[in-house]
Structure formats: structure tokens, C-alpha cells
Amino acid sequence: MARLTLERVSFWYPAMGRPALRDVSLAAAPGEVIALVGNVGAGASTLLLVAADLAPRVVGGKIEGRVNFRGRGKGEGGRGIVLPTPWTQLSGMAFTVWDEVAFGPANLGWPRERIAGAVDRSLAALDIGALAARDPATLSGGELQRVVIAGIIAMEPALLLLDEPTAELDPEGAGLVWRLVRALAGDGCSIVVATSDLDALPEVADRVVWMEDGVVRRIGAPALLAEESVCEAGLATTVADVWRTARLGAPYPLTVAQAERRWRQ
Amino acid sequence: MAAVNAELRFEHVSFSYGTVPALRDVSFSLAPGERAALLGRNGAGKSTVLRLVTGLVHPAEGTVSVGDWDTRGRAPESLARRVGSVFQHADQQLFARSLRDDVAFGPRALGLAAAEIARRVDTALAALELTAHAAEHPYDLPPAFRKLAALAGALALEPAVLVLDEPTAGLDRPLRARVARALADSAAAGVVVLVATHDLAFAAEVLERSLVLDRGRVAWDAPLAALLTSSERLAPLGLAPPAGAALSAALDLPGRPVRERDVAHALARVAAARGPV
């Protein structure tokens, strides 16, 4: 049974004539990682807001079609979203990183010990235990991004929605977040992530959704990121793109490892 | 484009936030037209270097100078005559009613004549291919376009030094290419370009020199290509090679190119020499 289902969803932001999403259908199963790729304005961020029940409920606008989310029940983590602007996502109610990460679980009404356990596990998962006593207002961009992600996963969401979760992170931090995404999926969490880090996706995503102008163009395995039409749209992995520019013939390898195998043959 | 050409120079600069040291004994200088990447882990001190250049903070020890100007004793608005900057969350710092007005804010604040303001704004908007959006309200555009607009605003100052913090975060490939072209053009006109970034693929395309900070010290200062082709050098600095450079190294391409186009050309040449792949 799918955890999240979008059936023929169209969405208009307030006062906008053109829909930001048009007739989008998508289902996310438990344990599945779905990556949304597209150029600026494609609709990936909007799809996440709709899936999070923030659009139109909070941002306004108009929706058509059906969105269905099946959580784990009252008092359990439901849908969590990490926005691309982590500095807008702090509670503003916490003087330490530990309290900031505890804010979500506390609002689920969990017993104190369960909250403490969830916070400590989340801080460890993001490798920010050393920041626990810091004032969130003093963090760097990358540190803040990790804290916001920790605050969301501490609620043990059944559906995790991530918008450019590695944009502020150094390569070590980005690698850690991508490994965490796979680990959470291994525990049954459904994950939908919008990202421009295309080179990470062959190892992270189960399926890739190519969006353009609010429409889903294609859904497929990560191998999609080496197809001709995706290359033309500027959404291929770097290796596929370089292989194509060198006119070495399709199918293009997706990753450095695949290119190496082809080259040695 | 630059009204004046000037060197950017750090001499034995140290800086702390309260008791937390951010930079220790940092020295480097960038000549007019040099394009440098400022690299390192989150928290290594990159943003602090940029804040020092713009005069938002001043060194506890040592000197930061832009040409013959010591930044100490100069407020950011005075330094803005020589330094243009775009900070990490630039898409949040627009406030005017149209993109055009936003880009004009800096030149207006410099007290330039209306015709000169108009010329600079037109040039900056054109450099980032934003002319068609000039009349639009910034918040009707996606954040990525607002980021480009903030860069246009910095270009319109026609600075001697341009400092950018993560200019490509959230940008897609076509928009990254626009930023790359605009930076290359600025450098060609003699502007010092210093970019703090984690996006090594972008750095490889545009930047030539690399300054890597590690816990507040300069751990590496040399050509970027030499850094990107060496995993042994990258790993201890918390960096990983971008896919193009990794491919170049994995296939042992001649000359170890790092720019994606150069990698593709080298690949095509070698493939042609050895028959079908």
C-alpha cells in the first residue's frame, strides 16, 4: 500500500494564471526513495509542498485532483518536510540545538525518555552531537541545515520530504545526508527528495521523476539520468553528459565506475 | 568593467567570534583578474574571509586591503565602491518592487548620475540574461532567479573585487552556466573574483586558483586543477573530486583535464586513437 499517492494533481499559487503543477500522478511506497529532478521552475518544490499538505493549506492557492497520505497513526511522526531555506525553519523557541531538535517530538506528546532518545539518535545521525549546547542562531549555513534535518527525523516521520537537503553542505556533509536517506528508507520511511545533486542519485534513488513546467515528463530507474532526452534537458549525470559530448555513443554510462568498466572492456 | 583595478591582500589576518577563533594568521593576495575558489569544510572560516573583505567585520590582527585601501576604519558602504558581494542567502535580500530597481540600488547608493546608473543596470542584467525579467517583482520569480539578480546588483557596482558565497546553491545547469560566463567576463575586465563554494564542478569550470581553509588556516594555495586531480590532497581537506575530474583520473586521461568540456575532448581523442568503445 502506497504511503503517499498523488492522483492527477494540479496546483495554482494564489493570483497565478499558470498552474505550478499540471496533472501530476505519483505514488511512494514504504521504504522507497524517489528523486525529483528538473530545472528551475519545473515544479519539484511545489510537489513537495503539496505532498506535505502545506499547499494549498498554508501557502494558499487552488488544487485539483487527490492527495492521499497514510501515516502510522495519532501521536506518531507523519509527514516531515525539510525546506530549502533552513534558516526559516527554526522554531525560534529554543536556546540550544538540543532543544531545537526536541521541539518536534515534544509537540507529538511523547514521554520525556522517548524524546531524549530520539533527539540523541538524530544528533548522532547528523554527526552534530558536538553542537548540542550551541545557540541555533550562531550556526553556519551547513550546520543549520544538519540541525533542521535532525529536527525532522527526530519525529520519526513515515514520509520524509526533502528540498535540496545538501545545498548548504560540504562534500562530507552531503555524503552523510545521502547515506542517512538510504538508512531511513531501510527502516521503512518513504522519502521524496528534490535535488540538483544529480551525480549522487544513482546510489541514492530507487526512482527518478523528471519534471518540466509543472508536468511529470518521465518516471524511471536512475538509469533515466543517462538517457538522450534527459541529457538534452541538462539533467543527466556529469559522466553521462561528458560521454555524450565526447560522442562515444549510447547507452551512456551513469557513474565513474560504469564509465571505467566500459573503458576497460 | 571595473572602475579601478586593485589587488586584494590578506596579511597575517586573525579573527575570532568572541572566544571562538575563526581565522588564524591568514595571508594571501589576489591580483586583478585572478579567479580563486575559497574551499574547505563547513565552519572552516570561508564566510569569515568574505565578511572581512566586505568590511562587515575587521581583523583582530593583521591587515585586509583592497588596493591602497585598508578595510579597517572603512564601513561596508564605503568599501562598496570597490567590493561587490553576494552572500549565501542572497535570494532573501532583495526588497525593491522590480528586479531593475533592485539592481539599481547599489549604483544609486554610490551617488552616480541617472544615465550611468541605467547603463550599469542594463549591462548587469544583460550579463546574467535577466533583461526580460527586469520589470518583474523579485518575489514573483523563483529563488534561483533572485540569486542571479543579487549577483547582477553586485556587478552593477563595477567593483574591483567580487566576493561570492555559494553562488550556485539551488541553481540548475543553465543558470550555473550564466553565472560562470558573468564571472569569466568580470575577471577578463580585471576584477578579482573570490568564490566560497562546495560546488567543485562549478569551481573547475570557472576558477583557476584554489585557497583551502582548514580550521581557520590556509591549508592549500595553488592551481585548482592540481588539487582536483589528486584524491590524496582532497580527502584530508574534507573535499571530494567532482565527477568530471574523477572520470579524468579514473580513465587516466592525458593531461588530467578537470573542466567537463576538456574531459569530453580528451575522452574523444583517446577513444578515436584506440578504436570504438
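Residues numbered from 1 in each chain as written. Chains lettered and ligands numbered in written order. Predicted model: local features only at pLDDT ≥ 70, side-chain atom pairs only at ≥ 80, totals over all residues.

Enquirer: Run through the interface of chain B and chain A, naming residues and quoting values.
Expert: Contact residues are listed per partner, giving 33 residues for chain B and 34 residues for chain A. Those elements that place two or more of their residues in the side of chain B that touches chain A are helix H6 (173-188), helix H10 (243-250) and helix H11 (260-274) of chain B. If one sorts the elements of the side of chain B that touches chain A by residue count, H11(B) sits on top with seven residues. Taken together, the residues of the side of chain B that touches chain A break down into 19 nonpolar, nine polar and five charged. (Contact = placed C-beta atoms within 7 Å. Helix = DSSP H or I, 4+ residues; strand = E, 2+ residues; numbered from the N terminus. Nonpolar A, V, L, I, M, F, W, Y, C, P; charged D, E, K, R; others polar.)

Enquirer: Help me get a handle on the sheet that holds strand E6 (residues 159-163) of chain A, residues and values and all.
Expert: Residue and element names in this part refer to chain A. The six strands lie next to each other as E5-E6-E7-E3-E8-E9, forming an open sheet whose pairing is mixed. Of all strands in the sheet, those bounded by a partner on one side alone are strand E5 (79-82) and strand E9 (215-220). When strand polarity is set aside, the average angle formed by the axes of neighbouring strands in this sheet is 15 degrees. Pairing between E6 and strand E7 (residues 190-194): five bridges, direction parallel. By the bridge assignment for E7, leucine 161 is matched with valine 192. Where helix H1 (residues 44-51) meets the sheet, it contacts strand E3 (33-37), E5, E6, E7 and strand E8 (207-212), and its direction lies at approximately 150 degrees from that of E7. Against the sheet, helix H5 (residues 171-186) touches E3, E6 and E7, its axis set at about 150 degrees to E7. (Pairing = 2+ DSSP bridges. Axes fitted to C-alpha atoms, helices over the stretch in contact; angles between N-to-C directions.)

Enquirer: Provide a residue-level description of the domain arrangement of chain B, including the pertinent values.
Expert: Note: interface size is frequently given as the accessible area lost on complex formation between the parts. Residue and element names in this part refer to chain B. Taken as a whole, chain B is organised into domain 1 (8-227) and domain 2 (242-277). Its C-alpha centre places domain 1 at a distance of 32 Å from the equivalent point of domain 2. With four residues, helix H7 (residues 200-206) is the largest single contributor of residues to the side of domain 1 that touches domain 2. Residues of the side of domain 1 that touches domain 2, tallied by class, amount to four nonpolar, no polar and one charged. (Domains from an automatic or database assignment.)

Enquirer: Tell me about the nonpolar core, and please be specific about residues and values.
Expert: One finds Ala35(A), Leu225(A), Ala152(B) and Val161(B) to be the most contacted residues of the largest nonpolar core, which totals 187 residues. The leading source of residues in this core is helix H5 (residues 143-155) of chain B, at nine residues. A domain split of this core shows at least three residues from each of domain 1 (8-227) and domain 2 (242-277) of chain B. If we skip the residues at most four places from it in the chain, Val161(B) touches Ala6(B), Leu8(B), Val53(B), Val66(B), Arg82(B), Val83(B), Val191(B) and Val192(B). (Core = buried A, V, L, I, M, F, W, Y, C linked by C-beta atoms within 7 Å. Buried ≥ 20, exposed ≤ 12 C-beta atoms within 10 Å, placed from the backbone.)

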